[in-house]
Structure formats: structure tokens, C-alpha cells
Amino acid sequence: MTEVPTTTTTTKGLHPGLTRRQISMMGLGGAIGAGLFVGSGQAIGLAGPAVLISYLVAGAIVILVMAMLAEMVAARPSSGAFSSYAQKAMGRSAGSAVGWLYWIQLVVVIAAEATGAAGIIAGWVPGIPAWAWVLIFVVALTAVNLFGVSNYGRFEFWFAAIKVVAIIAFLVVGVCAIIGLIPGVPASGIGNLVDNGGFAPNGMTGIAAALLIVVFAFGGTEVVAIAAAESDDPARNIRRIVREVLVRILVFYIGSIFVIVAVLPWNDPAVLDGPFSAVLATIRVPGVDLVMSLIVVIALLSAMNANIYGASRMVFSLGERGLAPQAITRTSLKGVPYVAVLASVSFGFVTVGLNWAFPDVVLPALLNVVGSTLLVIWTATALAQIILRRRADRDGIDLPMRMWGFPWLSWLCLVLLGGVIALAMIDPAARVQLLLTLGLTAVLLLVARATRGIAQPGVVRE
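Structure report, in brief. Given the structure is predicted, the values throughout are model-derived calculations rather than measurements. (Residues numbered from 1 in each chain as written. Predicted model: local features only at pLDDT ≥ 70, side-chain atom pairs only at ≥ 80, totals over all residues. Heavy atoms only, no water.)

## Quick word on the overall build of the protein
The number of helices and strands found in the protein is 19 helices and two strands. Every one of the 462 residues in the protein was classed for burial, and the buried ones make up 56%. Pairs at least 24 apart in sequence give 82% of the contacts found in the protein among residues at least 6 apart. For the protein, the exposed surface amounts to about 18,100 Å²; the carbon and sulfur share of it is 69%. (Helix = DSSP H or I, 4+ residues; strand = E, 2+ residues; numbered from the N terminus. Buried < 20%, exposed > 50% of the residue type's maximum accessible area, 1.4 Å probe, protein only. Contact = heavy atoms within 4.5 Å. Areas by Shrake-Rupley, 256 points an atom, 1.4 Å probe, with all protein chains shown as cover.)

## Notes on a nonpolar patch on the surface
Together, Trp-124, Val-125, Ile-128, Leu-290 and Leu-294 line one region of the surface with nonpolar side chains, adding up to about 410 Å² of accessible area. Inspection of the secondary structure assignment puts Trp-124 in helix H6 (residues 92–124). (Patch = residues over 30% accessible without salt bridge, like charges linked within 9 Å, V, L, I, M, F, W, Y side chains within 5 Å. Salt bridge = Lys/Arg side-chain N within 4 Å of Asp/Glu carboxyl O.)

## Topic: the packing of helix H8 (residues 149–179) against helix H14 (residues 288–320)
Close contact between H8 and H14 brings their axes to 9 Å; oriented N to C, the two are set at 145 degrees. For the pair H8 and H14, the crossing hand works out as left-handed. In contact with Val-149, Tyr-152, Phe-155, Glu-156, Phe-159, Ala-160, Ile-162, Lys-163 and Ala-166 of H8, H14 contributes Ile-295, Ile-298, Ala-299, Leu-301, Ser-302, Ala-303, Asn-305, Ala-306, Tyr-309 and Arg-313. (Axes fitted to C-alpha atoms, helices over the stretch in contact; angles between N-to-C directions. Left-handed = near helix turned anticlockwise from the far one by under 90°.)

## Regarding the environment of Ser-372
Here Ser-372 shows up in the loop between helix H16 (362–370) and helix H17 (373–395). Residues within four places of Ser-372 in sequence aside, it is in contact with Phe-216, Ala-430, Gln-433, Leu-434 and Thr-437.

## As for the packing of helix H18 (residues 408–426) against helix H19 (residues 428–450)
Two quantities define a packed helix pair, namely the angle between the helix axes and the distance between the axes. Viewed as axis vectors pointing N to C, H18 and H19 meet at an angle of 115 degrees, and their least axial separation amounts to 5 Å. Considering the angle they form, H18 stands roughly perpendicular to H19. Every residue of H19 that contacts H18 at Ile-421, Ala-424, Met-425 and Ile-426 is listed here: Pro-428, Ala-430, Arg-431, Leu-434 and Leu-435. Residues of the contact of H18 with H19, tallied by class, amount to eight nonpolar, no polar and one charged. (Parallel < 35°, antiparallel > 145°, perpendicular 65-115°, else oblique. Nonpolar A, V, L, I, M, F, W, Y, C, P; charged D, E, K, R; others polar.)

## Here's the deal with the nonpolar core
Phe-37, Val-51, Phe-82, Phe-218, Met-304, Tyr-309 and Trp-378 are the most contacted members of the largest nonpolar core, which has 151 residues in total. Here this core takes 18 residues from H14, the largest share from any one element. With sequence-adjacent residues up to four places away left out, Trp-378 is seen in contact with Ile-61, Val-62, Val-65, Val-215, Phe-218, Gly-219, Glu-222 and Leu-417. (Core = buried A, V, L, I, M, F, W, Y, C linked by side-chain atoms within 4.5 Å.)

## Some thoughts on the side chain of Asn-145
In this structure, Asn-145 sits in helix H7 (residues 130–146). Look at Asn-145 and you get buried, because its relative accessible area is 2%. Dropping the residues within four chain positions of it, Asn-145 is found in contact with Tyr-152, Asn-305, Ile-308, Tyr-309, Val-336 and Val-341.

## Considerations on the packing of aromatic side chains
The way to describe two aromatic rings as a pair is by their centre distance and the angle between their planes. Taken as a whole and judged by the stated rule, the model has six aromatic pairs. Geometrically, the ring pair formed by Tyr-55 and Tyr-253 is tilted, given 5.9 Å between the ring centres and 45 degrees between the ring planes. With a gap of 198 residues between them, Tyr-55 in helix H4 (residues 51–75) and Tyr-253 in helix H11 (residues 234–263) connect regions that are remote in the sequence. In this structure, Tyr-55 and Tyr-253 share a single accessibility class: buried. Relative to Phe-276, the ring of Phe-170 has its centre 4.5 Å away and its plane inclined at 45 degrees; by these criteria the two rings are tilted. (Phe/Tyr/Trp six-rings, centres within 6.5 Å; stacked < 30°, edge-to-face > 60°.)

## With respect to unusual backbone geometry
Pro-407 follows Phe-406 through a cis peptide bond whose omega is 5 degrees. Backbone geometry places Ala-81, a non-glycine residue, at a positive phi of 40 degrees. Mapped onto the elements of the fold, Ala-81 is located in helix H5 (residues 81–90). Under the relative-accessibility criterion, Ala-81 is labelled buried at 0%. Even without being a glycine, Asn-196 presents a positive backbone phi close to 60 degrees. Mapped onto the fold, Asn-196 is located in the loop between H8 and helix H9 (203–217). A relative accessible area of 34% means that Asn-196 is categorised as partly exposed.

## Re the pattern of salt bridges
Scanning all chains against the criterion turns up four salt bridges. The closest approach of N and O atoms between Glu-71 and Arg-389, which form a salt bridge, is 2.6 Å. Pair noted here: Glu-71 is in helix H4 and Arg-389 is in helix H17, with a separation of 318 residues, a long-range link. Note on accessibility: Glu-71 and Arg-389 belong to one class, buried. A network of salt bridges, in which partner residues are shared, links Glu-71, Arg-389, Asp-393 and Arg-402.

## Some points on the environment of Val-215
Residue position: Val-215 is located in helix H9. Look at Val-215 and you get buried, because its relative accessible area is 1%. Along the primary structure Val-215 and Ile-61 are separated by 154 residues, whereas in three dimensions their C-alpha atoms are 8.4 Å apart. With residues near it in sequence (within four places) discarded, Val-215 still touches Ala-58, Leu-374, Leu-375, Trp-378 and Val-420.

Next comes the structure, spelled out in C-alpha cells:
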């Protein structure tokens, strides 16, 4: 039996400076964002209380994807993560397409998150336009990512911790409201789960429509697979990190949605506008609008910070594997891939001008661009794991960590992803996004094949 070393990494030039606790918080910071605080209201409006089923299905997909990633990370830690594994399993073109698709997605999301946070802050400080806040956020978080991975890890830990504390407080207050422990506020009980048209007022159609929204809310958890390569013991850390992140995310997501649909009727207009604010307003929490707006801003900036990190490490890995210009692999004395960081935030600076010229159309346009990239990336991850696991079993390789239920659960994940893709093809708006994403993926595959042999891998340190 060939034993795979459990402490080596395929990434060179980067300094291991992240702790297990910091990476765990990064996973939470990347996933707990506006998708939960804002997007959940739209999902509830489509499915009613049965949105809980949508979250459970999406949660199951995330659990399976992360379990597959953990197996591959433990065997071969890399800042390229799923891109590296796609390349090893399916060839250079697949690895290149997945890596560039992920990078493009994050570059756009970084700009969208800066724009969203700026729009909220500009409402508080009318004298400073939104484009100026976008510039401030991009410059500040670029600096954080250039100061070294350990400093970034500490910054993101506290960023994410604020969101975690806020959600825990929301869950505690919500449960108290449900069972009647808040003075002057009658217990809501759980009647709202079946009143107003029943548990699933819009049937399976509503649950399916909500699933399209909910799946993308879980995006961001995959950053832990990238960050593990810069920890002191990637193989050992990834096991605990994945378990911690998944349990906490599911508790926070499912718990929060349960509180919302139990305390308020699902068809209350306030739920669509802002579900968390609506619950807190019902139980008479003073200053609820300001509190929730501040939390959303923190959520957006935390996710933006994590995405700058993830994007820079992904494009660094592409350069390291000869799939991007060699200059992108330049690192500072602290092991920071500064060229990759600057390249990843460059579109954020372009967005400053776009917000100045077209302030009302930038955010919707950005959100439409990223479309369904997550579905392609998760599908590629599942395929890579199945191929690499079969290859390892065939060659008698002893993997440090083995996904449970293989191959049945791996195939189940692909079936679930296929179901989501089928739903997207039925929905007119989602179909356009998915087709654009598939078209972009095809272009990236063609470019990778056309540029085969042009770039050579290598890392330059200064």
C-alpha cells in the first residue's frame, strides 16, 4: 500500500500562517452573507414555511461537496483546490476552466459586495457618494490581504465572529419569542408553520423555485479548501474544519429560517423586504433597522475579504501550474502573492468608476453576471473526487481521509446537482444565467486548449 504524506502541500511560495480556528471562521465568513440576511426573504416568499426543505436539500449538497473536497485536500493540499483536483482528474483544460471560472466569479462578487455595502453606508452618510465608499472598501481590504496571511486570518476571524454572535443572539431572541419568554410579546408558537395556506402553500413548485435561491446562499464554504494549504497541518486540520463549518452553517441557516417562519406569517410583506429585521421589529427590539443594516454591511465586507483571499490564491495556483502568466506567482518576503491580490481586486477599482457613472444599475448587473458558476464548480468537484478516488483505490493508495458512503453518496451529490441544473433550465431567468455560465465555461476550455504549452509553471519570489 502506498501511503500519501499527510503534511505536504503542492503550493510553494506561500507561508503557512493560518490556524484551524481562523480557517473555520473563514468558511463561516464566506458563507454567511447577504444570501442569508437578505436573500432568505425571497426564498420564503416562494416556498412559504416549506423553504426549510429547500435549505435541507441545499445543505445536503454542501455537506457532500465539502466531504469530497476534504478527502482530496487531505491527500493533496493546494491553494488551487478544486481546480487542481479537476486538472489531476480530467486534464489541463478542465483544471484551467474551473480555476478561471472560479476566479472570474469571485472578482465580480468582490465588486458586487463592495457596491452593496457602499449603498447602505451612503444612506447613513449622504455627504459621501457610494462610489467613494466602494473605493474605501476596496483599498482597505486590499491592504489587509497584502499585510501577510496571518494578519489577514486574524482580521477575518473577528469579522466573521461578529456575524456569528449576531446570528446566535437572533436565535436566542427568536426562540424566546416562540415560547413566550419576552415580556409584553405573546408567544408565537409554531402555528405559522401550517397557517396561511399550509406548510407548503405553493407546493413542490415553490420549494423548487426557492432551492435555486438557497443553493447559491451556501457559496463561500469552499474557501476552506483553498485556505487549508496555508495552515500548519492541512491534512489534519481539514477534517475538523469541514465538520465544524458544516455543523455551524446548517445550525445557523436552518435555525434562523425556522425562527423567521415560526414567528411571522410567511406571506407578511415585511418578510420579503428583510426577514431578520421583520422578526426583531415584531418583538420590539429598538433600533432594529440600524442594527440589521450594520450586520449586513459587516457580512458583505467579511465575505468580500474572504473572496479577495480565495481569488488571489486561485489565480496564484493557476500561474504556478502554468495556466496563467508567470508574473502572477510573484510573492513578497512574507509569502503574500501580491500580484495575484492586486489582479483580483482590479475589477473592484473599475467598479468605482461604474458606480460613479451608473449608480443604480451596477449591483443588479454584477449579480446577474456571476449567474450559475457555483453549479459548474461543484459538479466538477464531484466528478474529480469520483475519478481520483477510483484511481487511488485501483492503485492501492492509502488516503489520509476517505469520504464515507463512496461511491453512492458521491453519485447522489451529482444527481442532486443535476436536479438543480434541471430546475434552472425550467426557470426563465435562471436558464439565461446558466446558459451564459456554460458558454463561458466552453470558451475557457477552448482557450486552455489553444494555449497549451505557452506558459510554464514557476514561482518568483522577491
